[in-house]
Amino acid sequence: MLEEWAELASQRQRLRGLARLAVDGYDGSVHLRGKQLVVLERPSRLRVEILGFLNQSLAVIATDGERFEVYRAEDQSYETGEVDEHLLWKEARIDLSPGEAVAVLLGVPISESLPAPANAVRDADGRIRIDLADSEGAVVQRVTFDPAGYLRVFEVLDASGDVVWVAQFDAYRDVDGSAFAHSIEVDVRSGMTHAEIAFRNVELNPDLPPETFRLYPGGTGGPPSADADDR
């Protein structure tokens, strides 16, 4: 099962699609609501375009894995700099690194080197939970598959065994011959936030030129021009 999951991850490298995103704090506060055009590529290339009622661009966040750019239409502001792990927290209140977000949105949150399986349990419903451990035997990840072999839960644990963040996957539908989770929920302990992502019009492994993940050549210039065909 893990080998099949790793093989799927190696095959699923890029994505383009529309998504509804809702981000809420555990205290009941609303951080974000809206429709986004999402384009991404492993390991950490990401472009999120926040769309208005008529699909006009309200804001764009883009990173090629090394630098990021943010454009906001409301005040015509533009920001650029080196990427750090807290980029998405600052822009969307989701404290995942760009690489973690890319892997989760692809539906296969797996690193290049899969930790070793340490324990496996099948529950009364036929779901299989597998603990994955580092070289010292500490459980660092936990994956749960349903009886059909679909990933349902992925957890990242810290050194004390507490959950750092957890993603849940649902609404699997066929996309280009592959079962893809169109509904994803993520809970992140840092920042105490809950995010829900609902996909539609998903393409897997589309051709994406490098400039997809840059707003302006060299990180300077005027406002980005949105590609209406991608919407």
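Look above for the structure.
Quick look at the structure, then. This one's a predicted model, so the numbers in the text were calculated from it and none came from an experiment.

Helix and strand counts for the protein chain come out as 3 helices and 13 strands. Compactness check: the protein chain gives a C-alpha radius of gyration of 18 Å against a globular reference of 17 Å for 231 residues, within 12% of the reference. Across the 231 residues of the protein chain, 47% fall into the buried class. Pairs at least 24 residues apart make up 44% of the contacts formed inside the protein chain by residues separated by at least 6 positions. A total accessible area of about 11800 Å² is found for the protein chain, and carbon and sulfur atoms account for 48% of it. Charge centroids of the protein chain, computed over 23 positive and 41 negative side chains, lie 4 Å from each other.

The next point concerns unusual backbone geometry. The linkage connecting Arg42 with the following residue, Pro43, adopts the cis geometry, with an omega of 0°. Turning to its location among the elements, Pro43 is positioned in the loop between strand 2 (30-41) and strand 3 (45-51). Phi is positive for Asp176, which is not a glycine, with a value near 55°. Inspection of the secondary structure assignment puts Asp176 in the loop between strand 11 (163-175) and strand 12 (178-188). Residue classification places Asp176 among the exposed positions, given a relative accessible area of 64%.

Next up on the list: the pattern of salt bridges. Taken as a whole and judged by the stated rule, the model has 11 salt bridges. Here Arg16 ties to Glu203 by a salt bridge, and the two come within 3.0 Å at their closest N and O atoms. Of this pair, Arg16 sits in strand 1 (residues 14-25) while Glu203 is found in strand 13 (residues 193-204), placing the two residues 187 residues apart along the sequence. Owing to a relative accessible area of 34%, Glu203 belongs among the partly exposed residues under this scheme. Between Arg33 and Asp24 there is a salt bridge; the shortest N-O distance is 2.9 Å. By relative accessible area, which is 48% here, Arg33 ends up partly exposed. Exposure remark for Asp24: the relative accessible area of 17% places this residue in the buried category. Taken together, the shared-partner salt bridges connect Arg72, Glu79 and Glu91 into one network.

Before going further, it helps to examine the environment of Glu49. With respect to the helices and strands, the residue Glu49 is situated in strand 3. Glu49 sits 12 residues away from Leu37 along the chain, and the two C-alpha atoms are 5.0 Å apart.

Calculation notes
Residues numbered from 1 in each chain as written. Predicted model: local features only at pLDDT ≥ 70, side-chain atom pairs only at ≥ 80, totals over all residues. Heavy atoms only, no water. Helix = DSSP H or I, 4+ residues; strand = E, 2+ residues; numbered from the N terminus. Rg over C-alpha atoms; globule rule 2.2 N^0.38 Å. Buried < 20%, exposed > 50% of the residue type's maximum accessible area, 1.4 Å probe, protein only. Contact = heavy atoms within 4.5 Å. Areas by Shrake-Rupley, 256 points an atom, 1.4 Å probe, with all protein chains shown as cover. Lys, Arg positive; Asp, Glu negative; His and termini not counted. Charge placed at Lys NZ, Arg CZ, Asp CG, Glu CD. Salt bridge = Lys/Arg side-chain N within 4 Å of Asp/Glu carboxyl O.

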